[in-house]
Amino acid sequence: MSLQKYLSTSARTRGDHIAVQEPSGAALSYRELDALSDRLRDRLIALGVQRGDRVGIYLHKSADGIASIFGILKAGAAYVPVDPLAPASRNGYIHGNCSVRAVIVEARFAETHRAELAKLGASPHLIVLNGTGGGLPLRDALNVLDSAAPATPMATIDSAPDDLAYILYTSGSTGKPKGVMLSHRNACDFVNWCSEAFEPRPEDRFSSHAPFHFDLSILDIYVPIKHGATLCLVPEDIGKEPVGLAKLIADQRISVWYSAPSILSLLAQFGKLSTHDYSNLRIVLFAGEVFPVVHLRSTKKQLPHPRYFNLYGPTETNVCTWYEIPPVIPEDRADPYPIGRVCSNLRGKIVDPDGREVAHGQEGELCISGPNVMQGYWDMPEQTAKAFLSGGGSGARWYKTGDLVIAEPDGNLRYVGRRDRMIKKRGYRIELGEIEVCLYRHPGVREAAVVAIPDETLGMKVIAHMSTNDSGKLSIIDLKRFCSENLPLYMVPDAFRFHPTLPKTSTDKVDYQTLKNTA
Amino acid sequence: MSQIVFIHDTVKSFILDEFLPDENPDALEDSTPLITTGILDSIATLQLVAFLEAKFDIQIQAHETSVDHLNTLSDIARLVASKKGLET
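Residues numbered from 1 in each chain as written. Chains lettered and ligands numbered in written order. Predicted model: local features only at pLDDT ≥ 70, side-chain atom pairs only at ≥ 80, totals over all residues. Heavy atoms only, no water.

### Brief notes about the overall build of chain B
Okay, step 1: Along its length, chain B carries four helices and zero strands.
Okay, step 2: Reading chain B from its N end, one meets helices and strands in the order α-α-α-α.
Okay, step 3: Taking 88 residues into account, the globule formula puts the C-alpha radius of gyration at 12 Å, and chain B, at 12 Å, falls close to it.
Okay, step 4: The dimensions of chain B, computed from C-alpha atoms along their principal axes, are 35 × 30 × 20 Å.
Okay, step 5: Taken over 88 residues, chain B has a buried fraction of 51%.
Okay, step 6: Sequence-distant contacts in chain B: of pairs separated by 6 or more residues, those separated by 24 or more amount to 58%.
Okay, step 7: Carbon and sulfur atoms provide 48% of the accessible area of chain B, an area that totals close to 4400 Å².
Okay, step 8: For chain B, the centre of its 5 positive side-chain charges and the centre of its 15 negative side-chain charges are spaced 8 Å apart. (Helix = DSSP H or I, 4+ residues; strand = E, 2+ residues; numbered from the N terminus. Rg over C-alpha atoms; globule rule 2.2 N^0.38 Å. Buried < 20%, exposed > 50% of the residue type's maximum accessible area, 1.4 Å probe, protein only. Contact = heavy atoms within 4.5 Å. Areas by Shrake-Rupley, 256 points an atom, 1.4 Å probe, with all protein chains shown as cover. Lys, Arg positive; Asp, Glu negative; His and termini not counted. Charge placed at Lys NZ, Arg CZ, Asp CG, Glu CD.)

Set out below in structure tokens:
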């Protein structure tokens, strides 16, 4: 049971079939992807990478990125992808935090990344690519290294089920991102569930819209590779541009689409969908946030042919509940659809704040147990312990999702809200506390409190309330620039509001409820 | 007023009015990054493109709605001017 086995198996049975397709036309067949990732495996092992090590990926979405992922897995290491659009300091922190042994990095980021890591006392090997595209820059970089000292061909490491496969960093409430550690067992069990639920076919063409540091990418990458199908990469820039994206889905004859609902909302509103043919599209999957029914209805009216599924689950478990949207959405329905039933490979229960199961129909926190559940957070034993239900003694580990749900009479779960200050925006999780920590570093800010309110177009609108040292207003341009230098763009507040002093509760804490209502 | 100055000032007013209420107009410089700082998010960028197409009677292609063409006031003014056949 290992993710790299999916590739070696498909390379044997479907060698000439396209494994990875870029919209530019560049592509890698299964045989080519297997060979290129073998070469990276050999180079990594020559650099001293061993089973259990971590290796970073700092690349734009590309075939080079996919080959890098498999090369790292074949060396027995876990990959740690970072967002190439995120601030350099954040990416340096992530790779420093989990002590990567090597990083596959684009030349444009290499020197800054080296400097950021050096500040943390880390000096991993950098394999530097001159850009990305079709796997050529990776091949060129390996050729250069081989011409200096050829790497000895090695065997692919057969990872054990509990070996880490990847670490995905998500927003952390203390101001630093935290690394969710996921094993081959976690990922393979999820992929096997997808096989059962969606019956992928070798002729399928899967979209890969989510970035590799986002857990939706696990389905995007490994389900098609397991079934010898084709993975169609959607580059970051086209991914946010609805007209170009609509054309790509048609041109690439995508048959299985997976993204955050906000992307489908954008497509439905601005994508001019009627101008193309989507007859290949048979399944539309969405996850990561609530899909407002008005936009879901509009998407389904414009793209009536495929089946639609709402998938739910945090990075810590990947998908853990699912729900098929009925063929017709009544015109008067405004309530979001349920998140559905717990997947067949997992168990779920709904508990009260003391960890006791609630009566059927009562609101409580959804807890999940089973083979998909993460090992923990990297180097955060206390946070890991807090993430699981304590006691019980039965041996089962129950991950507390932080999501409040109600079981409906028919057994489907309905999402009600969060028990903490995490929100979802464009599918990304955001700890509002992490934004506050950033704002407090700004020299002009005296107090900062960040709230999120539902918004028709943005999904969630993030508003930063603050008071300043001179009681005046700060430049929005300056604040946006400051935040973008310290946070990923999706975490930069949408609006700023200034107060002489922030409202307080009777216990002198920031009164978030009042701020939400004055937003 | 030259057409290029008109384009520049029209775009600047639109961005200030729509996306930077209460901002000091002088703080929005020709080289202020707009997309890479989150001043223009993906929806704001679409609104800007719709405005430019309607106001200046031009067509902006999908590949031009990216950070390479729209990240600063000067980038935007240059794109519009080139569509209108003006030298910049």
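### What about the confidence of the model for chain B?
Okay, step 1: Here chain B shows a mean pLDDT of 91. Residues at 70 or above account for 97%.
Okay, step 2: Interface confidence for the predicted complex, expressed as ipTM, amounts to 0.89; the pTM equals 0.90. (pLDDT = per-residue confidence, 0-100.)

### What to know about the sheet that holds strand E16 (residues 347-351) of chain A
All names here are of chain A.
Okay, step 1: An order of E16-E17-E19-E20 is seen for the four strands of this open sheet, with the pairing classed as antiparallel. Of all the strands in the sheet, just E16 and strand E20 (413-418) have a single pairing partner and so form its edges. Neighbouring strand axes in the sheet, compared pairwise and without regard to direction, differ in orientation by 45° on average.
Okay, step 2: Note: strand E19 (residues 399-407) against E20, five bridges, orientation antiparallel. Within E20, the residue paired with Val-405 across the bridge is Tyr-415. (Pairing = 2+ DSSP bridges. Axes fitted to C-alpha atoms, helices over the stretch in contact; angles between N-to-C directions.)

### Points about the packing of helix H11 (residues 261-270) of chain A against helix H12 (residues 293-302) of chain A
All names here are of chain A.
Okay, step 1: In the contact formed by H11 and H12, the axes pass within 9 Å of each other and the chain directions differ by 60°. Relative to H12, the element H11 lies oblique. Seen from above, H11 lies across H12 with left-handed handedness. Along its contact with H11, which presents Leu-264, Ser-265, Ala-268 and Gln-269, the element H12 presents His-295, Ser-298, Thr-299 and Gln-302.
Okay, step 2: Broken down by class, the residue content of the contact of H11 with H12 amounts to two nonpolar, six polar and no charged. (Parallel < 35°, antiparallel > 145°, perpendicular 65-115°, else oblique. Left-handed = near helix turned anticlockwise from the far one by under 90°. Nonpolar A, V, L, I, M, F, W, Y, C, P; charged D, E, K, R; others polar.)

### A word on the interface of chain B and chain A
Okay, step 1: Every contact between the two is made by 19 residues of chain B and, on the other side, 18 residues of chain A.
Okay, step 2: Each partner contributes to the roughly 1500 Å² buried at the junction of chain B and chain A, and carbon and sulfur atoms together form 67% of this total.
Okay, step 3: When the area that chain B buries against chain A is broken down by residue, the three leading residues are Thr-37, Ile-43 and Leu-46 of chain B, summing to 32%.
Okay, step 4: Here chain B is connected to chain A by one salt bridge.
Okay, step 5: One salt bridge connects Asp-22 of chain B with Lys-473 of chain A, and the closest N-O pair in it is separated by 3.6 Å.
Okay, step 6: Linking chain B to chain A there are four residue pairs in polar contact (both at pLDDT 80 or more).
Okay, step 7: For the side of chain B that touches chain A, the class distribution of residues is ten nonpolar, six polar and three charged. (Buried area = accessible area lost by both parts, 1.4 Å probe. Salt bridge = Lys/Arg side-chain N within 4 Å of Asp/Glu carboxyl O. Polar contact = N/O pair within 3.5 Å; in protein donor to acceptor, adjacent residues only side chain to side chain.)

### Quick look at the packing of aromatic side chains
All names here are of chain A.
Okay, step 1: Tallied over the full model, the rule gives 17 aromatic pairs over all chains.
Okay, step 2: The interplanar angle of 85° and the centroid separation of 5.9 Å between the aromatic rings of Phe-198 and Trp-322 together place this pair among those described as edge-to-face. With Phe-198 in helix H7 (residues 184-198) and Trp-322 in strand E14 (residues 321-324), this residue pair connects regions lying 124 residues apart in the sequence.
Okay, step 3: Ring plane angle 25° and centroid distance 5.7 Å describe the contact between Phe-309 and Trp-322, whose orientation is recorded as stacked. Residue Phe-309 is located in strand E13 (residues 307-312), and its partner Trp-322 is located in strand E14; the two are separated by 13 residues in the primary sequence.
Okay, step 4: You can call Phe-309 buried: its relative accessible area is 2%.
Okay, step 5: Residue classification places Trp-322 among the partly exposed residues on the basis of a relative accessible area of 25%.
Okay, step 6: Through successive ring pairs, a cluster of aromatic residues spans Phe-190, Trp-193, Phe-198, Phe-309 and Trp-322. (Phe/Tyr/Trp six-rings, centres within 6.5 Å; stacked < 30°, edge-to-face > 60°.)

### Here's the deal with unusual backbone geometry
Excluding glycine, a negative phi dihedral is what most residues carry, and trans is how most peptide bonds are arranged.
Residue and element names in this part refer to chain A.
Okay, step 1: Of note, the phi angle at Glu-199 is positive, near 45°, even though the residue is not glycine.
Okay, step 2: For Glu-199, the position within the fold is in the loop between H7 and strand E9 (205-208).
Okay, step 3: According to the relative accessible area criterion, Glu-199 is exposed, its value standing at 57%.

### Observations concerning the nonpolar core
Okay, step 1: In this structure, Leu-44, Ile-104, Tyr-222 and Leu-439 of chain A together with Ile-15 of chain B are the most contacted members of the largest nonpolar core, which totals 139 residues.
Okay, step 2: In terms of residue count, the dominant contributor to this core is H7 of chain A (eight residues).
Okay, step 3: Residue contacts for Tyr-222 of chain A: discarding those within four places in its chain leaves Leu-3, Tyr-6, Ile-69, Phe-70, Leu-73, Tyr-79 and Val-191 of chain A.
Okay, step 4: Counting residues in each nonpolar core, the second largest holds 26 residues, with Val-234, Trp-257, Val-284 and Tyr-337 of chain A among its members. (Core = buried A, V, L, I, M, F, W, Y, C linked by side-chain atoms within 4.5 Å.)

### Notes on the environment of Leu-248 of chain A
Residues and elements named next belong to chain A.
Okay, step 1: Residue placement: Leu-248 occurs in helix H10 (residues 242-251).
Okay, step 2: In this structure Leu-248 comes out as buried when scored by relative accessible area, which is 5%.
Okay, step 3: Separated by 81 residues in the primary sequence, Leu-248 and Ile-167 have C-alpha atoms spaced 30 Å apart.
Okay, step 4: In this structure, Leu-248 is in contact with Pro-23, Leu-233, Val-234, Pro-235, Ile-238 and Ile-254, ignoring residues within four places of it in sequence.

### Remarks on the packing of helix H1 (residues 3-13) of chain A against H7 of chain A
Residue and element names in this part refer to chain A.
Okay, step 1: Their axes nearest at 9 Å, the elements H1 and H7 cross at an angle of 55°. With respect to each other, H1 and H7 are oriented oblique. When H1 is examined against H7, the residues Leu-3, Gln-4 and Tyr-6 are found in contact with a partner set consisting of His-184, Ala-187, Cys-188, Val-191 and Asn-192.
Okay, step 2: Per-class residue counts for the contact of H1 with H7 are five nonpolar, three polar and no charged.

### Some points on the pairing of E13 of chain A
Residues and elements named next belong to chain A.
Okay, step 1: E13 sits mainly inside the fold: five of its six residues count as buried.
Okay, step 2: Both strand E12 (residues 283-287) and E13 contribute to a ladder of five bridges, which runs parallel. The residue bridging Ile-283 from the neighbouring strand is Arg-307, located in E13.
Okay, step 3: Note on the crossover from E12 through H12 to E13: the handedness is right-handed.
Okay, step 4: The pairing of E13 with E14 spans four bridges and is classified as antiparallel. Considered in E14, the bridge of Asn-310 is made with Tyr-323. (Right-handed = clockwise from strand over helix to strand, strands pointing away.)

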